[in-house]
Amino acid sequence: VADIAGEAEGEAEEEEGGAPVYQVDKIVEERVEGGGLEYRIKWRGWGSRWNTWEPERHIIDQVILTEWEETKARRAASAARSSASASRTDERDQALLAEYRDKWLPRHAQAGGGRHA
């Protein structure tokens, strides 16, 4: 749950002091703004066009922050796996190219290079 005033679609719960409190569906992004950390919030019951940037201090439910950190860790691990896979593919391609250059090109040149007179 994040503490933020709002209007229209979503339903706000009243917190002590009468300030509306809206439920966070999830954090979708983060940035450093003005020296502080902010999160792009997807609000429960609101469309994505209503997502807002909120400072960390507005996030009341620490579970939301924990879930975001886990999401970032999964994304980083996935990116690392993708990068490692691409690197292995590049290495394999380089090996095949070297084999072709060293093994097949000399044979092709000896056979006349496949040129027709």
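Definitions and cut-offs
- Residues numbered from 1 in each chain as written.
- Predicted model: local features only at pLDDT ≥ 70, side-chain atom pairs only at ≥ 80, totals over all residues.
- Heavy atoms only, no water.
- Helix = DSSP H or I, 4+ residues; strand = E, 2+ residues; numbered from the N terminus.
- Contact = heavy atoms within 4.5 Å.
- Areas by Shrake-Rupley, 256 points an atom, 1.4 Å probe, with all protein chains shown as cover.
- Pairing = 2+ DSSP bridges.
- Axes fitted to C-alpha atoms, helices over the stretch in contact; angles between N-to-C directions.
- Salt bridge = Lys/Arg side-chain N within 4 Å of Asp/Glu carboxyl O.

**Some thoughts on the overall build of the protein chain**
The helix and strand inventory of the protein chain stands at one helix and six strands. Secondary structure elements of the protein chain, listed N to C terminal, follow the sequence β-β-β-β-β-β-α. Contacts in the protein chain between residues far apart in sequence, at least 24 positions, make up 32% of those at least 6 positions apart. Surface exposure of the protein chain reaches about 8600 Å², of which carbon and sulfur atoms provide 50%.

**Section: the sheet that holds strand β4 (residues 24-33)**
In spatial order, the strands read β4-β5-β6; together these three strands make up an open sheet with antiparallel pairing. The open sheet has two free edges, formed respectively by β4 and β6 (52-55), since each of these has just one partner strand. Neighbour-to-neighbour, the strand axes of this sheet turn through a mean angle of 35 degrees, independent of strand direction.

**Considerations on the pattern of salt bridges**
Two side chains with opposite charge may pair up if their charged atoms get near one another. Taken as a whole and assessed by the stated rule, the structure comprises four salt bridges. The salt bridge partner of lysine 72 is glutamate 69, with a shortest N-O separation of 3.4 Å. Of the two residues, lysine 72 and glutamate 69 are both situated in helix α1 (residues 62-110); the distance of three residues between them amounts to about one turn of the helix. Each of Glu30, Glu69 and Lys72 takes part in one network of salt bridges that share partners.

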